[in-house]
Protein chains: 2
Amino acid sequence: MPKYAIGVDYGSLSGRAVLVEVGTGKEMGSCVYDYPHAVMDKTLPDGTKLGVDWALQDPQDYLDVLSHTIPALLEKTSVKAEDVIGIGTDFTACTVLPVKADGTPLCFLPQYKSNPHAYVKLWKHHAAQDKANALNETAEKMGEEWLQRYGGKISSEWEFPKLWQILDEAPEIYDAMDHFVEAADWIIWQLTGKQSRNSCTAGYKAMWSKREGYPAKEFFKALDPRLENVIADKLSCPVTPLGEKAGEITAETAELTGLLPGTAVAIGNVDAHVTIPAVKIDGVGKILGIMGTSTCHVLLGDAEKIVPGMCGVVEDGILPGFFGYEAGQSCVGDHFAWFVENCVPAAYQEAANKAGKDIHVYLSDLAAELLPGESGLVALDWWNGNRSVLVDVDLTGMMLGMTLQTKPEEMYRALIEATAYGTRKIIETFTKNGVPIHEFYASGGISQKNAMAMQIYANVINLPVKIAGSLQGPALGAAIFGAVAAGKERGGYDDVFAATRDMGKLRDDVYIPDPKAAAVYQKLYEEYDILHDYFGRGANDAMKRLKTLKKEVKAQK
Amino acid sequence: MPKYAIGVDYGSLSGRAVLVEVGTGKEMGSCVYDYPHAVMDKTLPDGTKLGVDWALQDPQDYLDVLSHTIPALLEKTSVKAEDVIGIGTDFTACTVLPVKADGTPLCFLPQYKSNPHAYVKLWKHHAAQDKANALNETAEKMGEEWLQRYGGKISSEWEFPKLWQILDEAPEIYDAMDHFVEAADWIIWQLTGKQSRNSCTAGYKAMWSKREGYPAKEFFKALDPRLENVIADKLSCPVTPLGEKAGEITAETAELTGLLPGTAVAIGNVDAHVTIPAVKIDGVGKILGIMGTSTCHVLLGDAEKIVPGMCGVVEDGILPGFFGYEAGQSCVGDHFAWFVENCVPAAYQEAANKAGKDIHVYLSDLAAELLPGESGLVALDWWNGNRSVLVDVDLTGMMLGMTLQTKPEEMYRALIEATAYGTRKIIETFTKNGVPIHEFYASGGISQKNAMAMQIYANVINLPVKIAGSLQGPALGAAIFGAVAAGKERGGYDDVFAATRDMGKLRDDVYIPDPKAAAVYQKLYEEYDILHDYFGRGANDAMKRLKTLKKEVKAQK
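Going along each chain's sequence as written, the residues are numbered from 1 onward. Key to labels: chains lettered from A, ligands numbered from 1, both in the order written. Where local features are concerned, this predicted model is filtered to residues with pLDDT of at least 70; where side-chain atom pairs are given and counted, the filter is 80 or more; whole-chain, interface and lining totals use all residues. Side-chain measures here rest on the full set of heavy atoms in the structure, leaving out hydrogens and waters.

## Thoughts on the overall build of chain A
Logical step 1: Of the regular secondary structure elements, chain A holds 20 helices and 21 strands.
Logical step 2: Computed over the C-alpha atoms, the radius of gyration of chain A is 23 Å, within 12% of the 24 Å expected from 2.2 N^0.38 for a compact globule of 557 residues.
Logical step 3: The principal-axis extent of the C-alpha atoms belonging to chain A is close to 70 × 60 × 45 Å.
Logical step 4: Should any heavy atoms of two residues lie within 4.5 Å, those residues are counted as being in contact. In chain A, the share of contacts with a sequence separation of at least 24, taken over all contacts with a separation of at least 6, comes to 72%.
Logical step 5: The Shrake-Rupley method, run with a 1.4 Å probe, gives the accessible areas here. Residue values count only the displayed protein chains as cover. Surface accessibility of chain A: about 19,600 Å² in total, with carbon and sulfur atoms responsible for 50%.
Logical step 6: Charged side chains in chain A number 54 positive and 73 negative. The centres of these two groups are separated by 2 Å. For helices the rule is a DSSP run of H or I covering at least 4 residues; for strands it is a run of E covering at least 2, with both sets numbered from the N terminus onward. The globule rule used here is 2.2 Å times the number of residues to the 0.38 power, and the radius of gyration it is set against is calculated over C-alpha atoms. Charge counting treats Lys and Arg as positive and Asp and Glu as negative, with His and both chain ends excluded. Note on charges: their place is set at NZ of Lys, CZ of Arg, CG of Asp or CD of Glu.

Below, the structure is given as structure tokens:
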């Protein structure tokens, strides 16, 4: 009798549950539930206004995902609850909330309903930038070595800037919370009835490391005397490595989900990182790009190396026993969406409509007819700044080589190529710094939909590109961890590597670099490289000066 | 009884005659005649194929302009032929043709009808680039000083590369021609029955100067031994300064045009240069930009200075007694046309249609709401290379500062600003090299149609911008020279300066720089300047390398 595991992938706007056959990775079915509150970025439901760059969620939505998708999934697939041996989850991060000692979110308490700081701060809540700046400055001044594990800079999206913002703007919430927890861990707490803290979010988002723990009291005190004991006060729960079992489904959540009490629950996880086993990566040398509006890169290393511009290196941060590395490109699909919205002439739109093609497909088909180098264009993929390796949000886009003969499809292709150059820059930076890479794995929408783009990536990075076999990479990865949480005895796995080999999936087709195209892209990349350093490393700070001027001018309007 | 002069402006596709009141410049009427043969760039009328980059015309079309427009003009305005005291003309240049001793074009002779080299080579015939390259190389090697008068480089569009091409590819045509003449001079020959050669085309297009004449025999011999006596053999006619009378209407052309025999005819002239008196420029410090698909800049100086990147400095080349300077931007309106054709989204086109606005007007209206610096964009106006001051056809376009919020109207405005920066660069280069400029005069379509663009120009160059008062600047200028050819005794003028003051026209409104905007543009221009030198002066030859790669790749396709 086959056994099954469920993976639940919590995205920015919805949660998706997938039921997977243990041993094969076969996806039996999936259900999606849109968060009723979606992202709150203007007001709370009661009309309380939010500040600029705020982004909140209501944790009730996360519970509703469980109660809506899992029973539906069981019904849809006719799989019996007794055959579901484990459940794993993954979440956006850093998505954090203040809770009481029993896990109750402060926003569930009537007295805090109208206080924005009582809610979940979504990963893209960007209102704590000043806190991040102050934190980085202090860390640099104090020579904090852990800063190097994060490419020299921590992000305003992460845990402590968000927590510090609460302390400053709503000290009553800070005082009232017993724990400040990642939603990734909170959902596990709800499923199992006990708190846990996963090594992935603790490592990548809360400056924790297996060997050194959190930064020292002195550092937090230097930030703000009230933060001196923040770890003991608000983050006291010990950290558990990924691959472990967090606990079992309680009677209460059994009722909510239709699963049996005692079903194994994996430690919380993060959407990008959890995808590694879903694409069968079980060791070093293989970088996975999760390609969507932006791209998140994750890979395994066997030692801790300091790589400039990476988002983080965390021991046990992706798979146990490895150092998990993360890097990112802040704008990938968003480039192409911007182009389509702002730069595609009416005649093209009409022709696409006539051909019954999506405009991206239409442009890609035209662009596919071009040879590398034929457009004469090179762009810098910085329309939304640069995450890795420059870590500079104030960089902006550039395109070069236009003539009166330049066509829209050439510019569209140049933007795709630019993101590929950006990926190559990341790969080269890892390799140069002692974390060699031999293969590129891709998951996410672009990897599935745009064969031209993926061939360009293969040619530009001059490495084979393998494509995720599942459209639901994160949910499949979460289910794999669910099967591991169950353990071999219950029909699952005792270690995640065996589960990965059995249940991870890749498409059969691999994009192999074409040597002729790769040779041309070598030349084009050299141009990108010169421009990358010229505009990105201080030789000409035109982009920053223009951005400053833009702000000054707009302020006067 | 008022007297009148006629100006005939020979463009690339049609000729336009304007009848102007002497003393006031009032335009009584105008008539246009499209050349029946237009531009021949694929085949001759008999099907003979033309090479790549060829552009020919049939001189019969120029005669047809006279016979169609002048009688119609007299009829339309009810002006009597006896009250027309003079006629002036202007032509595109260098537009040249081989003729017999009596002025008969070789292409009129049956034996040469099928020989492309027997026809008029239009200014934009670009098939003699190898000749221009060889000529420049030899001139540099021999240290020819006259090369500096042309910004260090002569163009493939000019007279000797075109003549040399004939010698090489059709020696029988070279041998058969008695003169190689500018169409500007040929039309005067037709009107007056005698040959003349004007100082403008001789100076700007045939390397002639008042003080030194043509380059020496030794130079031509070094190019090609067969060219040693080219001046005596094919360009023997002496050069006459602008402002002189070439002759009078013959009985034959009187019949053709309806004008009276004896009517004064001015020396031939060129479309850009002839516009100077039409906008009342009669001295130094005032630069005129004739703004169309490209921009031609002309201005007067009181001494010969070597200005890097200028197209030429010619004594008596614009107005007698002055050194006429010419510079150019190879792509101005063409940028905006390219943008509209390739980068304007369907939604904008629809909104423009709905508002009943031309798309340029629609974009300009949106762009006009932006403050300088608000877009954060800077572009280099090199979509068609750079004429002045870098003289480099291999440069290409660049735009910088794009974000995911960048809108089409911001990019459109950035292109307009880029052309204004290009103009400022030319003005600064003249000023730095001893030819100071205090005012900018603009004529041509853009100057009349786009108030936003002209205000941007004023703010960027931080000088007042005055606008031509006539939509037919060149024809008005030609008529002014016609009135001067007639002389005071016949009711005209004895010098062109008096005629300019009376008959030249400017619009009442002047674009005055806004100090606040000018201050922001100062900062933006500094960014342009850095990028201009970085990409344009060898620090990063990315544009050239990409263009070379593009050619290599295309050749393999």
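After that view of the structure, there is still more to cover.
## Re the environment of A:Lys357
Residues and elements named next belong to chain A.
Logical step 1: Take Lys-357: it is sitting in the loop between α12 (346-355) and α13 (359-368).
Logical step 2: C-alpha separation for the pair Lys-357 and Ala-475, spaced 118 residues apart in sequence, amounts to 30 Å.
Logical step 3: Among residues more than four places away in sequence, those in contact with Lys-357 are Ala-352, Tyr-362 and Asp-365.

## Points about the relation of the copies chain B and chain A
Logical step 1: Copy-to-copy superposition: least squares on the C-alpha atoms, limited to residues that have pLDDT of at least 70 in both copies. In screw terms, the move from chain B to chain A is a rotation of 180° and a rise of 0.1 Å along the axis, fitting with an RMSD of 0.1 Å. Look at the turn and shift together and you get a two-fold axis relating the two.
Logical step 2: The fraction of interface residues of chain B whose copies in chain A are also interface residues reaches 100%, indicating that both copies meet through the same surface.

## Some details on the interface of chain B and chain A
Logical step 1: Of the residues lining the interface, 57 residues belong to chain B; the matching set on chain A comes to 57 residues.
Logical step 2: For the chain B and chain A pair, buried surface summed over both sides reaches about 4,700 Å², with 63% attributable to carbon and sulfur atoms.
Logical step 3: What makes a salt bridge here is a side-chain nitrogen of Lys or Arg within 4 Å of a carboxyl oxygen of Asp or Glu, nothing more. Run the count over chain B and chain A and you get six salt bridges.
Logical step 4: Under this definition, polar contacts are N or O atom pairs within 3.5 Å; protein pairs additionally need one hydrogen-donor-capable and one acceptor-capable atom, and for neighbouring residues in sequence, both atoms have to be side-chain atoms. At the junction of chain B with chain A, the criterion picks out 17 residue pairs in polar contact (both at pLDDT 80 or more).
Logical step 5: Looking at the side of chain B that touches chain A, the elements with two or more residues in it are α11 (333-342), α12 (346-354), β18 (397-402), α14 (408-432), α19 (515-536) and α20 (542-556) of chain B.
Logical step 6: Tallied by class, the residues present in the side of chain B that touches chain A amount to 30 nonpolar, 14 polar and 13 charged. Buried area: the accessible surface (1.4 Å probe) lost by two parts on joining, summed over both. Gly is placed with the polar residues, together with every amino acid not listed as nonpolar (Ala, Val, Leu, Ile, Met, Phe, Trp, Tyr, Cys and Pro) or charged (Asp, Glu, Lys and Arg).

## Quick notes on the packing of aromatic side chains
Residue and element names in this part refer to chain A.
Logical step 1: Here a Phe, Tyr or Trp ring, Trp counted by its six-membered ring, pairs with any other such ring whose centre lies within 6.5 Å, and the pair is stacked when the planes are under 30 degrees apart, edge-to-face when over 60, and tilted otherwise. As enumerated under the stated definition, the model contains 45 aromatic pairs over all chains in all.
Logical step 2: When the ring of Tyr-35 is compared with that of Tyr-62, the centres are 5.6 Å apart and the planes differ by 75°; the resulting orientation is edge-to-face. You can see Tyr-35 sitting in the loop between β3 (27-34) and β4 (56-57) and its partner Tyr-62 sitting in helix α1 (residues 60-77), a full 27 residues away along the chain. For the residue pair Tyr-35 and Tyr-62, the accessibility class agrees, reading buried in each case. The cut-offs for exposure are 20% and 50% of the maximum accessible area for each residue type, with area from a 1.4 Å probe on protein chains only; residues under the lower value are buried, those over the upper are exposed, and the others partly exposed.

## Points about helix α19 (residues 515-536) of chain A
Logical step 1: With 22 residues, α19(A) should cover 32 Å at 1.5 Å per step; its first-to-last C-alpha distance of 29 Å lies within 8% of that length.
Logical step 2: Count one or two residues on from α19(A) and you reach A:Gly538, which has phi positive near 100°. An expected span of 1.5 Å times one less than the residue number is assigned to each helix.

## Some thoughts on unusual backbone geometry
Logical step 1: Look at the link from A:Ala93 to A:Cys94: it is a cis peptide, with omega at -5°.
Logical step 2: By the secondary structure assignment, A:Cys94 is in the loop between β5 (84-91) and β6 (96-99).
Logical step 3: Residues B:Ser388 and B:Val389 are joined by a peptide bond in cis, for which omega reads 10°.
Logical step 4: One non-glycine residue with positive phi stands out, namely A:Lys280, at about 70°.
Logical step 5: Counting through the fold element by element, A:Lys280 comes out in the loop between α10 (275-278) and β13 (286-291).
Logical step 6: Owing to a relative accessible area of 31%, A:Lys280 belongs among the partly exposed residues under this scheme.

## Brief notes about the pattern of salt bridges
Logical step 1: Here the structure, examined in full by the defined rule, presents 52 salt bridges over all chains.
Logical step 2: One salt bridge connects A:Arg149 with A:Glu212, and the closest N-O pair in it is separated by 3.6 Å. In this pair, A:Arg149 is assigned in the loop between α2 (129-141) and α3 (159-169) and A:Glu212 in the loop between α6 (199-205) and α7 (217-223), connecting sequence segments 63 residues apart.
Logical step 3: The exposure class assigned to A:Arg149 is buried, which follows from its relative accessible area of 4%.
Logical step 4: Since its relative accessible area comes to 56%, A:Glu212 is described here as exposed.
Logical step 5: We note a salt bridge from A:Glu527 to B:Arg545, for which the minimum N-O separation is 2.5 Å. Here B:Arg545 lies in helix α20 and A:Glu527 lies in helix α19, a pairing that spans two chains.
Logical step 6: For A:Glu527, a relative accessible area of 6% corresponds to the buried category.

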